[in-house]
Amino acid sequence: MDYIATIGLETHIQLNTKTKAFCSCKADSWNEPPNSNICPVCTGQPGALPSTNAEMVHKAVLLCHAVHAEINAVSFFDRKIYLYADMPGGYQVTQNGQPIGVGGYLDVEMEDGRVNRVRIDNLHMEEDAGKTRNDNGIRLIDLNRSGVPLVEMVTKPDLHTADEAAAYLIRLRRLVRWIGVSEGNMEKAQLRCDANVSVAPVGSDTSGRKCEIKNINSIDAVRRAITSEIERQIGELKAGRAVDQWTIEWDNDAKELRKMRSKENAVDYRFFREPNLMPVVLSPEQIRDWREELPEMPWARKQRFITDYGLPAYDAGILTAERDLSDYFEETFRFYGEDPKKVSNWMMNELVRLINDSGIAASALKIRPKHLAKIIQMIDGERVTPAVGKELINLVQESGKPPSLIAEERNLIMVSDETAIREICEKIISASPKETAAYRAGKETLLGWFTGQVMRETKGKADAKLAGKILKQMLE
Amino acid sequence: MNREFVRLTAFEQAQLIRTKQISASELLKASLVQMEQVEPLTHAFVTICEKEAKEKARAVDKKIAAGEPVGPLAGVPYSAKDLFCTRGIQTTGGSGILSGWLPPYDAAAIERMNQADAVLIGKTNCDEFGMGGTNENSAFQPCPRNPYDSERVAGGSSGGSAAAVATYEGTVSLGTDTGGSIREPAAFCGVVGLKPTYGRVSRWGTLAFASSMDTVGPITRSVRDAALMMNVLAGFDPRDNVTGRVSVPDYISEMKKEIKGLRVGISPDFLKVAVLASDGSIEDHPIEPEITAAVMRTAEILRSAGAEVITDVPMLNTKYSVPAYFVISRIEAYSNLQRYDGLKYGRPSQNHPVDMYDLFAKSREDGFGHEVKLRILTGLFMSRKDFYEKYYLRAQRARALIRSDYDRIFDPMGDYRLDVLLTPSTPLPAFRFDRKGCDPVLIQYADMFTSPMNFAGLPGISLPAGKTSDGLPIGVQFVGYDYCESKILRAAYIAEQTGTVAEGDCPERCSELDMGQSPFGNSPCL
């Protein structure tokens, strides 16, 4: 018998706001000492009160728009009550009854080109808990993360394989980074995921009983955890046993699933309205204005790069991996004004290398699009050689100075004076009797070697074509 | 040292200090002597912060000596209910679980009092986390006594604050009111207590009981002092989301405005108690006739001062207030008390906890008092998912009905067009600790006339309106519409000014009285 799995994902997306959800502590505490970024609100001191961070609402609405969700003009915060040492208020402030966004979808392109539309159930804002670390049997609590704003995005059960789930997450990560609402770094737990998995025989009209896998914190873990849970459930069904409704935890160190609790121990969170916070009220104008802030989506931009600029799909894919890289391309092209494929080549070969080597984002590079355009133009105009062009990219990045200024200061302008090149060629030929003899004996491929010597002598500045022509004349 | 200074109002004291007729340090010294004398009888305080008070008084004196401007409460000694966080000064909320806790920050009301140059002398006793109407539910015993009869309760939950102000232990006090916790003890102790509109005064730094109803307000000996304190306390605070961006008038000049034409309502639904029988039916139960008489007397005073009195204003949903309050306050309280786990602050259990949850359970078992545990359990029960509709949603509907009564009577285009509603503050005067000779039904419904305003979010002021034949203070209440503290202060000021509320019982006259008398046995004002 064949089985089909049904998967729904609940993804927690950490928003990259300046401050926490309900207090004015910094939201980003990465690499900071434990409990160094806390206040009465996010440590649950008696008498402390939350205040809604407007930037959180703004970013949550952007995300809702990006997945075509309907935005509630009025949404509420609720308390989700449970006791844990890293949840200092004794409850989490979240949105239960009337969340910020309802419905919507995310289209996920699979490797085989098929597009899988994953429907969204809802998106709601909530605060993160602190972190618990076990150290030799001692439980250590760090509240730096307590109160960091999250959006939880809940899908409908529209996914059927671990690969589809992974593709969804990759797509979502790209989206949140692209629209600038989250850094989306799974290693820093800025994107985390719970998966609801159930399995039923193909063709049966009821879906199986679902289990929830908690705390999946990487794309790889999503694949492994869901795959092994599907296998486990199929195993149960094949053995004629019913699947029990469990909550399971993914242990990333052991790479295995661990049962947390069964349905009988399900928690009643006793949701009720957070009386200390006013409802989030958005006017139609506000909702519309924020929708207009949304940038062109990466998939749309990729398509545009293919059709408008005639770029190969491969180039368009790389250039639209990050929004600022694609902006960089378009701006460089605007300055340059000619062959977009040439801009693409320079970016993919040289700029992406620079970004990868330095770890600096395209938008933060000192070499700006106008500089890159200028360098390509200088090469086109035979002011510098392509080799010098590559070097100029590094030099502009180091100094921030315009490339033409650097070229002049450092005397990098291409040598295309025939007399000057002829002098250098003579010098090299007379210094290389062995190679000259070999060439004359018929080893014509040595011409390249001679040209290389000329380029070395001139530090790459010589017009290579001209040098080749002169050398050929002189050697023959 | 002239000990009479403690009997002046805050307004008068600040004036004398500003004009250098007395110093803040001298006044503080007189207050400390007064406290030394009466505190063994009142038990109003949990903590007395003499050192910090002396520093503040000296700082105020220094400012005055240097000719620097000082705040409107310059040098006025005041106390704060132990629900207000005070940085570095023990704050317990009347609970054992917070015993010894030194908050890392000041409540907004404390900050504002400090900016007004008032001098904090101590933290007053209260029912644990504000849960109670007698101040008996405190981990810190003996609890406050009624200044008029030490066999009787001071009221609660701000019982320590009301008893302190009545016995001149500090001139004014900060209280909180969730179902009547400022107004009821004020009525029982013969002082003035104002519960502002929900959102008028910041709750930042006030230990939460039921967040949708918690308010912060003054307890004073005169209406003018209440207005003065409201000038200091009222206003928007970005740290408390429910505070309104509503401009703050000068309540003292507002209070003195003409009363002619002011429409004052009286409702028969506030002159009886609606008792919920076990079969769900509601039966009327009479209140103390002397209290009804005091309400009528007050109405007469206002009428002769030029107000229009409208009797027979129906407030039909008042009867739902006590049961609905029971539900909502307990559900909110249960969740607000979740944070007291013995881990982050206060006193963790020393009873050998075996793990985290055991530590939580034992700390709560050891730290919370009986009444608080009862409320947590009922809150827990009523907030169950499958009971949500039965209790919480029904109570919320009752709350909306109660609010609609007030929207109707205060509607400027409606049938009643009231400016203020006049009610008793309580259905009975202060009762005995042993409950002997006191109507048990009225004791159970003691917050019947105060909790509706917490539901509706409206301001109410309780002021002394004479005494019973037993010599116990009676309080009457003026209720106003949202952010209309000015109007209730105006009505209360007239009732107080005319001096006919009760012969010789005007709190403003306290300053003229003989100082040799004990505050007990008889009224401190006689």
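Residues numbered from 1 in each chain as written. Chains lettered and ligands numbered in written order. Predicted model: local features only at pLDDT ≥ 70, side-chain atom pairs only at ≥ 80, totals over all residues.

Things to note about the overall build of chain A
Stage number 1. The secondary structure content of chain A amounts to 15 helices and 17 strands.
Stage number 2. Rg of the C-alpha trace for chain A: 30 Å, well past the compact-globule value of 23 Å for 476 residues, more than 25% over.
Stage number 3. Here the C-alpha coordinates of chain A stretch approximately 95 × 55 × 50 Å along the principal axes.
Stage number 4. When burial is assessed residue by residue, chain A has 42% of its 476 residues classed as buried.
Stage number 5. A fraction of 69% describes how many contacts in chain A between residues 6 or more apart in sequence connect residues 24 or more apart. (Helix = DSSP H or I, 4+ residues; strand = E, 2+ residues; numbered from the N terminus. Rg over C-alpha atoms; globule rule 2.2 N^0.38 Å. Buried ≥ 20, exposed ≤ 12 C-beta atoms within 10 Å, placed from the backbone. Contact = placed C-beta atoms within 7 Å.)

Notes on the overall build of chain B
Stage number 1. Per the secondary structure count, chain B includes 16 helices and 15 strands.
Stage number 2. Its C-alpha atoms give chain B a radius of gyration of 22 Å, near enough to 24 Å, the size a compact globule of 526 residues would have.
Stage number 3. If you line up chain B on its principal axes, its C-alpha atoms span 65 × 65 × 45 Å.
Stage number 4. Taking the intrachain contacts of chain B between residues at least 6 apart in sequence as the baseline, contacts between residues at least 24 apart amount to 75%.

With respect to the interface of chain A and chain B
Stage number 1. Listed per partner, the contact involves 25 residues of chain A and 34 residues of chain B.
Stage number 2. Of the residues belonging to the side of chain A that touches chain B, the class tally is twelve nonpolar, nine polar and four charged. (Nonpolar A, V, L, I, M, F, W, Y, C, P; charged D, E, K, R; others polar.)

A word on the packing of helix α7 (residues 223-233) of chain B against helix α16 (residues 485-497) of chain B
Residue and element names in this part refer to chain B.
Stage number 1. One can describe the packing of α7 onto α16 by two numbers: an axis separation of 9 Å at closest approach and a directional angle of 160°. As far as their axial angle goes, α16 and α7 are roughly antiparallel. Helix-helix and strand crossings are classified by hand; for α7 and α16 the assignment is left-handed. In this structure, α7 contributes Val223, Ala226, Ala227 and Met230 to the contact, and α16 contributes Glu485, Leu489, Ala492, Tyr493 and Glu496.
Stage number 2. Across the contact of α7 with α16, the residue classes tally to seven nonpolar, no polar and two charged. (Axes fitted to C-alpha atoms, helices over the stretch in contact; angles between N-to-C directions. Parallel < 35°, antiparallel > 145°, perpendicular 65-115°, else oblique. Left-handed = near helix turned anticlockwise from the far one by under 90°.)

Here we look at the sheet that holds strand β4 (residues 78-81) of chain A
Stage number 1. Spatially, β5-β4-β16 (chain A) is the arrangement adopted by the three strands of the open sheet, whose pairing is antiparallel. Edge strands, defined here as strands with exactly one partner in the open sheet, are β5 (91-94) and β16 (272-273) of chain A. (Pairing = 2+ DSSP bridges.)

Observations concerning the domain arrangement of chain A
Stage number 1. Taken domain by domain, chain A comprises domain 1 (3-289), domain 2 (322-409) and domain 3 (418-475).
Stage number 2. Placing the centre of domain 1 of chain A and that of domain 3 of chain A at their C-alpha centroids yields a distance of 66 Å. (Domains from an automatic or database assignment.)

Observations concerning the packing of helix α1 (residues 54-66) of chain A against helix α4 (residues 284-293) of chain A
All names here are of chain A.
Stage number 1. Axis separation between α1 and α4 bottoms out at 9 Å; the angle between their running directions is 70°. When the interaxial angle is binned, α1 and α4 end up roughly perpendicular. As α1 runs across α4, the sense of the crossing is right-handed. On α4, the residues touching His58, Val61, Leu62 and His65 of α1 are Ile287, Trp290, Arg291 and Glu293.
Stage number 2. A breakdown of the residues in the contact of α1 with α4 according to their chemical character gives four nonpolar, two polar and two charged.

Quick word on the domain arrangement of chain B
Stage number 1. When cut into domains, chain B gives domain 1 (3-263 + 418-512) and domain 2 (322-391).
Stage number 2. In this assembly, 25 residues from domain 1 of chain B lie in contact with 21 residues from domain 2 of chain B.

Quick notes on α7(B)
Spacing of three or four residues puts side chains on the same side of an α-helix, whose turn is 3.6 residues.
Residues and elements named next belong to chain B.
Stage number 1. Across the eleven residues that make up α7, a large majority, eleven, are buried.
Stage number 2. Turning to α7, its buried residues number three or more, namely Val223, Arg224, Asp225, Ala226, Ala227, Leu228, Met229, Met230, Asn231, Val232 and Leu233.
Stage number 3. Gly235 lies just past α7 and shows a positive phi near 140°.

Notes on the environment of Asp214(B)
All names here are of chain B.
Stage number 1. Relative to the helices and strands, Asp214 resides in the loop between β7 (192-195) and β8 (215-220).
Stage number 2. Sequence separation between Asp214 and Gly180 is 34 residues, and the spatial gap between their C-alpha atoms is 9.9 Å.
Stage number 3. Apart from the residues within four sequence positions on either side, Asp214 is in contact with Thr176, Thr178, Arg203, Thr206, Ala208 and Phe209.

Side note on unusual backbone geometry
Residue and element names in this part refer to chain B.
Stage number 1. Looking along the chain, the bond that leaves Gln141 and enters Pro142 is cis, with omega of -5°.
Stage number 2. Tracing the backbone through its elements, the reader meets Pro142 in the loop between β3 (119-124) and β4 (145-146).
Stage number 3. Residue Ser157 is bonded to the preceding Gly156 through a cis peptide linkage, with omega at 5°.
Stage number 4. In this structure, Ser157 sits in the loop between β5 (149-153) and α5 (159-166).

Let's talk about the pairing of β4(A)
Residues and elements named next belong to chain A.
Stage number 1. Here four bridges tie β4 to β5, and the two strands are oriented antiparallel to one another. Bridge pairing in β5 links Lys80 to Gln92.
Stage number 2. Pairing analysis gives two bridges linking β4 to β16, with the strands arranged antiparallel. What sits directly across from Arg79, in β16, is Phe272.

With respect to the environment of Arg173(A)
Residues and elements named next belong to chain A.
Stage number 1. With respect to the helices, strands and loops of the structure, Arg173 is situated in helix α2 (residues 162-178).
Stage number 2. Separated by 160 residues in sequence, Arg173 and Ile13 have C-alpha atoms that sit 8.9 Å apart.
Stage number 3. Those residues in contact with Arg173, other than ones at most four positions away along the chain, are Gly184 and Leu191.

Focus on the sheet that holds β3(B)
All names here are of chain B.
Stage number 1. Overall, mixed pairing links the eleven strands, which are arranged β1-β3-β2-β6-β8-β7-β14-β15-β13-β9-β12 in an open sheet. Two strands bound the open sheet, and with one partner strand each, they are β1 (45-48) and β12 (308-310). Sheet twist, expressed as the mean angle between neighbouring strand axes with direction ignored, is 30°.

Focus on the environment of Met378(A)
All names here are of chain A.
Stage number 1. With respect to the helices, strands and loops of the structure, Met378 is situated in helix α9 (residues 369-380).
Stage number 2. Spatially, the C-alpha atoms of Met378 and Glu331 are 17 Å apart, while their sequence positions differ by 47 residues.
Stage number 3. With residues near it in sequence (within four places) discarded, Met378 still touches Arg383, Val384, Gly389, Pro403, Ser404 and Ala407.

Thoughts on the nonpolar core
Stage number 1. Ranked by size, the top nonpolar core spans 233 residues in total, and within it Leu63(A), Ala165(A) and Val119(B) carry the most contacts.
Stage number 2. Tallying contributions element by element places α2(A) first for this core, with ten residues.
Stage number 3. Look past the residues within four positions of Ala165(A) in its chain and what remains in contact with it is Ile7(A), Leu9(A), Leu159(A), Ala195(A), Val222(A) and Ile226(A).
Stage number 4. If you look at the next biggest cluster of nonpolar residues, it comprises 41 residues, including Met347(A), Met378(A), Phe450(A) and Ile470(A). (Core = buried A, V, L, I, M, F, W, Y, C linked by C-beta atoms within 7 Å.)

Quick look at the pairing of strand β13 (residues 211-216) of chain A
Residues and elements named next belong to chain A.
Stage number 1. Of the pairings in the sheet, the one linking strand β12 (residues 191-201) to β13 comprises four bridges and is antiparallel in character. Opposite Val197, over in β13, you have Cys211 as the bridge partner.
Stage number 2. Following the backbone out of β13, through helix α3 (residues 219-238) and into the adjacent parallel strand β14 (residues 246-251), one traces a crossover that is left-handed. (Right-handed = clockwise from strand over helix to strand, strands pointing away.)

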